[in-house]
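Descriptive structure summary
So you can see what is in the structure, the chains are spelled out below.
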Amino acid sequence: MKRVIVALALLLAAMPLAISPAAAQSDSQEPMQQTLREATGQLRAGQPAKAIKLVDPLLARFDADYGDENRHLYCGETQQLALIYAAMHAQDDDHRDTLVLDSGWCSALWVKGFALIDLGRPQEALSYYQRAADLSPLYPLYLIELGYGYKELEQWDKSAEAYHQAAAVAPMGYQGDELNAWYRRAWYGEAFAYIEQGRWAEAEALLRKCLEVAPDDQKVLSELQYIADNRDDGK
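As the structure is a prediction and not an experimental result, all values here were calculated from the model.

1. What about the pattern of salt bridges?
Scanning all chains against the criterion turns up 13 salt bridges. Residue E124 pairs with R121 through a salt bridge whose shortest N-O separation is 2.8 Å. Residue classification places E124 among the partly exposed positions, given a relative accessible area of 39%. In this structure, D217 and R184 form a salt bridge, with 3.0 Å as the shortest nitrogen-oxygen distance.

What follows is the structure in structure tokens.
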């Protein structure tokens, strides 16, 4: 349940943003935002199948509107990230334009992935998380969820890499307490993958970094104790 609460809070904080010219020129985004609020409400209520039913028409609309799009496409989760995405390909040789879309499109992908995880279908969830991460590569949440999906499949190398990438991109759009919160989630997830692989020293180092940004975090302290109790290299 805690995973649901934390992830939904982060998603809902991003949902109201609509920064692209395309979004401003289209019909009001409010119906999409209302649908997403209803879908996240179904996730909170433990009804992932109902959440999927709500967002599937949005995803079908996205594919219809942008499936053949030749421009670089991004979701603008924050104004700062939107500006970064808009300038990201300015020096590319292919001279393709960039379109930064309303964040709701990526939110819909996230809802579908999250619901599939809750339904015990992590392999299917990965494709939705990956699409969201591709559309918003500097937004840590989608990379963190991708890491969680690989964790559910016990694909530890891929899980660790996704969490590692989440920590790497977090400073691009966040600072202060927000950045520390992203660091804690990403480092903890990466450390968990290393624990499962018996990579004790790497896991311990990351957990101690977690304590620097989240002192006295009981989950982190529990994992450190687990390492102390189970490692046999004396290091």
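2. Considerations on the packing of aromatic side chains
For the coordinates displayed, the defined rule picks out 11 aromatic pairs. Ring geometry for F62 against Y66: centres 5.3 Å apart, planes inclined by 45°, an arrangement best described as tilted. Taken as a pair, F62 and Y66 lie in helix α4 (residues 48-66) at a separation of 4 residues, close to a single helical turn. With respect to burial, F62 and Y66 carry one shared label: buried. An aromatic cluster of three or more residues is present, and its members are Y139, Y142, Y174 and W182. Seen from the ring of Y188, R184 lies directly overhead, with NZ or CZ sitting 4.5 Å from the centre.

3. Section: the nonpolar core
Ranked by size, the top nonpolar core spans 73 residues in total, and within it W110, V111, Y142 and L207 carry the most contacts. Leaving out residues up to four positions away in the same chain, L207 has contacts with Y188, A191, I195, V220, E223, L224 and I227.

4. A few points about the packing of helix α8 (residues 140-152) against helix α9 (residues 156-169)
At a minimum axis separation of 8 Å, α8 and α9 run at an interaxial angle of 165°. With respect to α9, the element α8 is oriented roughly antiparallel. Between α8 and α9 lies a crossing of left-handed hand. Of α9, the residues touching α8 (which contributes P140, L143, I144, L146, G147, Y148, Y150 and K151) are W156, K158, S159, A162, Y163, Q165, A166 and V169. Residue composition of the contact of α8 with α9, grouped by class: 11 nonpolar, 3 polar and 2 charged.

5. Comments concerning the environment of A162
Mapped onto the elements of the fold, A162 is located in helix α9. A sequence separation of 18 residues divides A162 from I144, and the C-alpha atoms of the two residues are 6.5 Å apart. Beyond its immediate sequence surroundings of up to four residues, A162 is in contact with L143, L146 and G147.

6. Focus on the packing of helix α6 (residues 104-118) against helix α7 (residues 122-135)
Running from amino to carboxyl end, α6 crosses α7 at an angle of 160°, the nearest separation of the two axes being 8 Å. It follows that α6 is roughly antiparallel to α7 by the angle criterion. Seen along the crossing, α6 lies across α7 with a hand that is left-handed. Here α6 contributes C106, L109, W110, K112, G113, F114, L116 and I117 to the contact with α7, which in turn contributes P122, E124, A125, Y128, Y129, R131, A132 and L135. Class assignment of the residues belonging to the contact of α6 with α7 gives a composition of 12 nonpolar, 1 polar and 3 charged.

Conventions adopted
Residues numbered from 1 in each chain as written. Predicted model: local features only at pLDDT ≥ 70, side-chain atom pairs only at ≥ 80, totals over all residues. Heavy atoms only, no water. Salt bridge = Lys/Arg side-chain N within 4 Å of Asp/Glu carboxyl O. Buried < 20%, exposed > 50% of the residue type's maximum accessible area, 1.4 Å probe, protein only. Phe/Tyr/Trp six-rings, centres within 6.5 Å; stacked < 30°, edge-to-face > 60°. Helix = DSSP H or I, 4+ residues; strand = E, 2+ residues; numbered from the N terminus. Lys NZ or Arg CZ within 6 Å of the ring centre and 35° of its normal. Core = buried A, V, L, I, M, F, W, Y, C linked by side-chain atoms within 4.5 Å. Contact = heavy atoms within 4.5 Å. Axes fitted to C-alpha atoms, helices over the stretch in contact; angles between N-to-C directions. Parallel < 35°, antiparallel > 145°, perpendicular 65-115°, else oblique. Left-handed = near helix turned anticlockwise from the far one by under 90°. Nonpolar A, V, L, I, M, F, W, Y, C, P; charged D, E, K, R; others polar.

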